[in-house]
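A structural walkthrough
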Amino acid sequence: MSLPEGYGYIPSSLITIGWVLLWQSSMVGRYRKKAGIEYPQAYAEQAEVKDSAAALRFNCMQRAHQNTLESAPVIFVSTVVAGLKYPALAAAICAAYSFGRVVYTIGYKSGQPKRRTYGSIVSNLSMLGLLSTATCVAYQLFPPC
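**Regarding the nonpolar core**
Ile10, Leu14, Ile17, Ile75, Ala90, Cys94 and Leu130 are the most contacted members of the largest nonpolar core, which has 16 residues in total. Listed by contribution, the elements that provide at least two residues to this core are helix H1 (9–35), helix H3 (53–83), helix H4 (87–108) and helix H5 (117–141). Looking at this core element by element, the count peaks at 5 residues for H4. In this structure, Val28, Ala35, Ile37 and Phe58 belong to the second largest nonpolar core, which totals 10 residues.

**A look at the pattern of salt bridges**
Applying the stated criterion to the full structure yields 1 salt bridge. In this structure, the salt-bridge partner of Glu70 is Arg63, at a minimum N-O distance of 3.1 Å. A residue is classified by how much of its surface remains accessible, and Glu70, at 42% relative accessible area, is partly exposed.

**Some remarks on the packing of aromatic side chains**
Enumeration according to the criterion identifies 1 aromatic pair in this entry. Between Tyr104 and Tyr108 the ring centres are 5.5 Å apart and the planes differ by 85°, which places this aromatic pair in the edge-to-face class. Here Tyr104 and its partner Tyr108 are both found in helix H4, 4 residues apart, which amounts to about one turn of the helix. Under the relative-accessibility criterion, Tyr108 is labelled buried at 10%. Seen from the ring of Tyr39, Arg32 lies directly overhead, with NZ or CZ sitting 4.0 Å from the centre. Above the face of the Tyr104 ring, Arg101 is positioned so that its terminal group lies 3.9 Å from the ring centre.

Rules used throughout
- Residues numbered from 1 in each chain as written.
- Predicted model: local features only at pLDDT ≥ 70, side-chain atom pairs only at ≥ 80, totals over all residues.
- Heavy atoms only, no water.
- Core = buried A, V, L, I, M, F, W, Y, C linked by side-chain atoms within 4.5 Å.
- Buried < 20%, exposed > 50% of the residue type's maximum accessible area, 1.4 Å probe, protein only.
- Helix = DSSP H or I, 4+ residues; strand = E, 2+ residues; numbered from the N terminus.
- Salt bridge = Lys/Arg side-chain N within 4 Å of Asp/Glu carboxyl O.
- Phe/Tyr/Trp six-rings, centres within 6.5 Å; stacked < 30°, edge-to-face > 60°.
- Lys NZ or Arg CZ within 6 Å of the ring centre and 35° of its normal.

Quick look at the structure:
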């Protein structure tokens, strides 16, 4: 089996997720410092959140980063598999996912979690598109009985 023409788009699109995660990680560190939350505490406690807008924003930023980490493996595998037959489509959907994660993060880090909705819609639809396409490709690649 050889890689299809255009498969070079796949690594380029996957790298965007790494850049999003790096940006989110640096923002978590910045918000952690502003909120005064010491390591290894992963999140601010509810009492801290009630007393501090900075603690709430830290929790929101931390959650945005964690949520991206939770979905990244599915995106990576789905993009690689979908790209075996549809590289341009897979790369475009992966890039849309990364864009959605940026919009999601910007909304969430505001301290008003409902602002993450638009980015969530884009990234979740992207995940659905990649999973569907990857499932179709996996079926096409399955050897006949």
